[in-house]
Structures are given as C-alpha cells and as structure tokens.
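# Examining the three-dimensional arrangement
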Amino acid sequence: MNPLLSARKVSFGYGAGDVLRDVSIDLHPGEVTILLGPNGSGKSTLIRILSGVLPSRAGEVLLCGRPPRGYPRREMARLLSVVGQDPPVDFPMTVESFVALGRFPHQGFFGETTPEDRERVRQALAETDLYGLRDRTLSTISAGERQRATVARAIAQGARVMLLDEPTAFLDIRHRVAFYEIVTRMKEACGIAALVASHDLSLCAEYGERIILLAEGTVASQGTPVEVLTPGNVQAAYGLAVSCDRNPATGAIRVTPLRGMPAKNR
Amino acid sequence: MTPRARSEDGRLRPGPVFVLLGFALAASMALSASTGPVAIPPREFLDALLHGGAGTPARVLLSLRLPRAFLGLLVGGALATSGVAFQALLRNPLADPYILGVSGGAAVGALTVALFLSAGASPLLPLCAFFGAALSALAVFLLARRKSGVSPERLILMGVVVGAFLNAVIMLMVTLSPPGRIPGALYWLMGDLGLGTPRRVAVLLPYVAAGVVLLFLLSRGLDLLLLGEQAAFQTGLSVERVKTATYLTASLLAGSVVAVSGLIGFVGLIVPHGARALVGSGHRRLLPAAFLLGGAFLVLSDVIARTASPSGELPVGAVTALAGAPFFLYLLRRNGGKS
C-alpha cells in the first residue's frame, strides 16, 4: 500500500549546523509508527517539517502525493493533524470550545457548527475521558488533562495522518495506556497513520508497528520493535545501558534501564 | 441528552446576556442625553426624539447630546473591539491600543493632517490616523521581536517606550502649531467626546462599521490564533493572512477613533476582560459583546466626566484611566504570578 506520508532524505538546520540529516520515513495507513530519540535529537523539528510549518532544506516530503506546503491550508488540515504545543491558558477557553476548534477545516470560514461537528466533538471528549470536564476552562484543569484535550482536538479534526509530539509527557500511567489504546482503535477503525514521538520505550513496543530511532538528527535505526530496541541501539542513541527481553505476559519487547551501570558518554 | 442550562462555552446563555448589554447601552445613552445644564423634561425628550423640534431643549438634545452619546458608543465600541483583536493577535491579555502606543501613532497621524492639510472634521483625518496607528503598531512589534519570539512583558515595555516617544512628538507638534490651528488640543490629547457633532459622528461611522464587521468576519480565525500560530496553522488557518487582516483592521479602528476623540486609554483593556467573563472567549460572541459593553462603558464614563467636577468638564480619558490603570496593574500582577 502507498504511504500516506513519506519523507525522502530530508535535511534541515536552523542556523549553520544540521538538525536533521537525510531522514527518510514512510507512514502507512493502519500503522502506528513511534519516533524515539533523546532530547534534542530532532523529533519536534521533523514533525514541524512533516506538517509544513518549516520548509526542509533538502529532500522531499509528500502527503498523499503532494508536498504539504503546496496544499491550501484547510485541505491540508483535513488530511493531517498535529498534537504539539500546550493549549493556551491566558484566555478563559472551555475544554469543549477548545476541542471544537479542531473542526475548523471542515467548517465554513465563519465556523457554523453542524450536528456532525457536535457529534465528533462529543466523541473526541468521550474518547479522552474529558466529557465530564467539558465546561471547565483550560487554566483550571491539570497539565495532563490539558494534554488529553490537545489529543481530543486532533481527534475531532478527523485527519487520516496524525503526528503527535510527546502526547503522553504529562500523563499518568493509566492515561498513557488509554492514549495508546485510543490510537490503536483509530488505526483499526479509521485506518489512520500515526507518528508518535515518545519516550515510553516499553509501551511503544507494545503498541507500535514500526519504530524510528533518531539520534543527532539522523535515523539511527528503524524497523519493528524487535529490530530497533536492542541494547546496542539504545546504548548508542541514549548513552544508557539497558537490558531488552520479552514481556512474559504480552510477548512484546521490554526495555529496562540497568542499575549501577555508569552511563557511557557518547 | 437533556438541554443544558449553559451554552457551549459553559457560560451564561448568550441571548439574555446580549439583551442585558443592549439594555445597559440604551440606558447609559438615555442617561447621557438627559444629563447637562439644560434640563429636558421627559415629554419634550420623547417629542424631540420622535418628531424633531425647534425649541431650545430639542436643539440641545439633537445637535449636542445625542451626537455626543452616539460618539461615545462608536468610540467605546471601536476601542473595545480593537482591544479584543490586539489581544488575540498578540495572544496577550494585556494588549490595548493605548498601551501598545498605537493610539499615540494615530494621534501623530491625525495632527499631521490638522497641521498641514486642513483643520476640522476632515474625512481624511481618520485615514491618516490609521496610517499612524498601523506604523506605530508595526514599530512596536518589530522592536519587541526576538529570535525566541515576543514575550508579553517586552511587548508592553516597547509599547510604553514608543508611546512616550510619540507623546513627545505630539507635544512638539501642538506647541509649535500656529495658535488656533488645533482648537481644544489639550482636551483632545487627554481624550474627549465634547467634539461630538453630527458631522463627526458621520465621519467616524463608516470606519467603525467597516472595522467591526471585518473583525466579526475574522472571528473564527481569531479563535484559532489563541492556540498559538503553529497550532493554528496546523489546524488549517492561513495564519499570516488572518494576522495581517487583524492587525490592519484593529489599527483602523483605533486610528479612526483617535482622530475624532483623542487619546482615550484602557477601554480596550478593561472591556474585553469584562466581556469575556460574560460570554467566554469565542470571538463571534465576544466581539459584539465587547462592542456593546465598550459603548456603555464609555458613555457612562463621559457622564461621570461631565458631572464629577462642579467647575467644568474632565476629559473622559482621565476617567477611563482612573479605572483602567489599577485594573492593568491587577492583570499584570496576576499574569506575572503565573509565568
């Protein structure tokens, strides 16, 4: 099957140096791809390039056959949604109206809401366990709840490609698992292609079809969890000694940092 | 699903709120029109409204007080909606055309016309004030911008600096102008609705109407701008286009108002916060609510300015600043505590 989103040998730099070098990835429908890599390895930059916020310095990005920056904005937003920055807290916006902003690319410019819009927003709120909080303002809920609201907004946007930049950073373990369950459901039900930048090494292995390991702006390794999550790869990317075994309950790869093993400087 | 007592925004139902705001505005305008040295009995008041009239009370009402009340409505509404727009554009709840130095730029533009082209209520006046406002807004944005982005505090600081500089320019222009060229300059500088003649209301009306309608058309875009530019872009907004349109429209509103009634501060700061408390942050409701509330607020401030001192009128800008400056400090402290 053709990838929904593909990047070929993408390079980028903010100043003189390279932040990304020759990165190639494919996102297929019905697949969750996990983007791993230490802080500063270029994950967020890659998501900005894939979503058309930044132009790549070299290489090519194709979203359904066209470069993302070549789309009219709304058409692009119907194809691809992004979970990134924290939502605003300086203005009193309710969770529900925040999530409803995700419907913008489906609405007329003045944002007339249709029954479908309302239904999608309700579903997105229910999926993310926020329905009870829908009338609260964003500044009065916790950071984790705000993060779920951001995910809900992307769900309401209803795009087939979802790029999620550390969507679980502030979540407790139950909501972290719930997040991966939601993505899995959307993958199976709607055939979305998701790219999830994350630091949850073991959870990723449970839920991701493919893993891309970024280190210093290049793809250090990519493939199935079994192929990528090896002690050697993790050591090389994170400078951390780990043991990798199989989780006896699920059979997925399990990554455990080792105590007392001094982290080797890269 | 049972009907909910509150609206989508989780606020009070918007219908009653708008009825209430409209009522408050009408009441404040009626109060304004019946306040003054010439007493107008209610019967003559109604008579003059419905049929016109030739007596002194009718003339006072129709050519002085009502134009003044309408000017207050237009000026207050325009300043409040301009404030809403600047706040969304800059994602900064402290933004206000006066604090950002935009009003100062507009004043320089208007004075330039008054000094070099024609005095009085020229239709050119609002246009040149708009150019002045747009230029000073641009200067403040560029000065405040750093690689890492624009911090709210830095933006306010630059607004104050540019505003102080423009104030000096205004003083120079007023001082160096030939006597009588700019009548009532001092009052005008402190913000005054006393120049409310039917002609001035007519000059201002098209600018304010166009500006408010344009902002209203942009309201969904303003909602999205609150997400931050990157998220707004990724949600399908043509961010640059909406930002440019908003910036020009907000400058047009602030500029045209300054051309007619001078430097009235803090309306664009206080009123949006009040309106948000009533109808939430969605701009399709916030903009009309801010317009009505801003109109009522300024008309009432003007009544206070006219009646507070037994020896004469205060400039209405002094009244709004008395209310606004403490409110600004409160917001600044609340904001500072959070970040």
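Attention in this report is confined to the structure presented alongside it. (Residues numbered from 1 in each chain as written. Chains lettered and ligands numbered in written order. Predicted model: local features only at pLDDT ≥ 70, side-chain atom pairs only at ≥ 80, totals over all residues. Heavy atoms only, no water.)

## Description of the overall build of chain A
From N to C terminus, chain A includes nine helices and eleven strands. At 19 Å, chain A has a C-alpha radius of gyration in line with the 18 Å of a compact globule built from 266 residues. In terms of principal-axis extent, the alpha carbons of chain A reach across some 55 × 40 × 40 Å. Across the 266 residues of chain A, 52% fall into the buried class. In chain A, 65% of the contacts between residues at least 6 apart in sequence involve partners at least 24 apart. Carbon together with sulfur atoms contributes 52% to the accessible area of chain A, which is approximately 11200 Å² in total. Charged side chains in chain A number 31 positive and 28 negative. The centres of these two groups are separated by 3 Å. (Helix = DSSP H or I, 4+ residues; strand = E, 2+ residues; numbered from the N terminus. Rg over C-alpha atoms; globule rule 2.2 N^0.38 Å. Buried < 20%, exposed > 50% of the residue type's maximum accessible area, 1.4 Å probe, protein only. Contact = heavy atoms within 4.5 Å. Areas by Shrake-Rupley, 256 points an atom, 1.4 Å probe, with all protein chains shown as cover. Lys, Arg positive; Asp, Glu negative; His and termini not counted. Charge placed at Lys NZ, Arg CZ, Asp CG, Glu CD.)

## Section: the pattern of salt bridges
The final tally for this structure, using the stated rule, is 17 salt bridges over all chains. We note a salt bridge from R57 of chain A to D18 of chain A, for which the minimum N-O separation is 3.2 Å. Highlighted residues: R57 of chain A in the loop between α1 (43–50) and β4 (58–63) and D18 of chain A in the loop between β1 (5–12) and β2 (20–27), separated in sequence by 39 residues. By relative accessible area, D18 of chain A is classed as partly exposed at 36%. Where R220 of chain B meets D223 of chain B, a salt bridge forms, and the shortest distance between an N and an O atom there is 3.4 Å. With R220 of chain B and D223 of chain B both in helix α9 (residues 219–225), this residue pair falls three residues apart, about one helical turn. Each member of the pair R220 of chain B and D223 of chain B is classed as buried. Put simply, R103, E116, D117 and R120 of chain A are held in one network by salt bridges that share partners. (Salt bridge = Lys/Arg side-chain N within 4 Å of Asp/Glu carboxyl O.)

## Describing unusual backbone geometry
Residues and elements named next belong to chain A. A positive phi angle, near 45 degrees, is found at E166, a position not held by glycine. On the secondary structure map, E166 appears in the loop between β6 (161–165) and α6 (173–190). A positive phi angle, near 50 degrees, is found at E216, a position not held by glycine. Mapped onto the elements, E216 comes out in the loop between β8 (210–215) and β9 (218–223). On the basis of relative accessibility, which here comes to 58%, the residue E216 falls in the exposed class.

## Structural notes on the interface of chain A and chain B
Listed as interface residues are 37 residues of chain A and, on the opposing side, 32 residues of chain B. Taken over both partners, the interface formed by chain A and chain B buries close to 3200 Å², and the fraction arising from carbon and sulfur atoms is 55%. The three residues of chain A that bury the most area against chain B are R73, F91 and L101 of chain A, which together make up 22% of that side's buried surface. Counting across the interface, chain A meets chain B through seven residue pairs in polar contact (both at pLDDT 80 or more). When contributions to the side of chain A that touches chain B are tallied by element, the ones reaching two or more residues are α2 (73–79), β5 (80–83), α3 (95–100) and α5 (143–157) of chain A. The element contributing the most residues to the side of chain A that touches chain B is α3 of chain A, with four residues. The residue makeup of the side of chain A that touches chain B, split by class, is 17 nonpolar, eleven polar and nine charged. (Buried area = accessible area lost by both parts, 1.4 Å probe. Polar contact = N/O pair within 3.5 Å; in protein donor to acceptor, adjacent residues only side chain to side chain. Nonpolar A, V, L, I, M, F, W, Y, C, P; charged D, E, K, R; others polar.)

## Observations regarding the side chain of D165 of chain A
Residues and elements named next belong to chain A. In this fold, D165 is placed in strand β6. There is no salt bridge for the buried D165, and the closest opposite charge comes from R48, which lies 5.9 Å off by N-O distance. Here the side chain of D165 touches S44 through a polar contact of 2.7 Å, side chain to side chain. If we skip the residues at most four places from it in the chain, D165 touches S44, I47, V83, G84 and A197.

## Points about the packing of helix α3 (residues 56–90) of chain B against helix α12 (residues 267–279) of chain B
All names here are of chain B. Where α3 meets α12, the closest approach of the two axes is 8 Å, and the angle between their N-to-C directions is 75 degrees. In this view, α3 runs roughly perpendicular relative to α12, as classed from their interaxial angle. Along the contact surface, α3 presents G76, L79, A80, G83, V84 and Q87, while α12 presents V267, G268, L269, V271, P272, H273 and R276. When its residues are assigned to classes, the contact of α3 with α12 shows seven nonpolar, five polar and one charged. (Axes fitted to C-alpha atoms, helices over the stretch in contact; angles between N-to-C directions. Parallel < 35°, antiparallel > 145°, perpendicular 65-115°, else oblique.)

Function-wise, these values are silent; they only describe arrangement.
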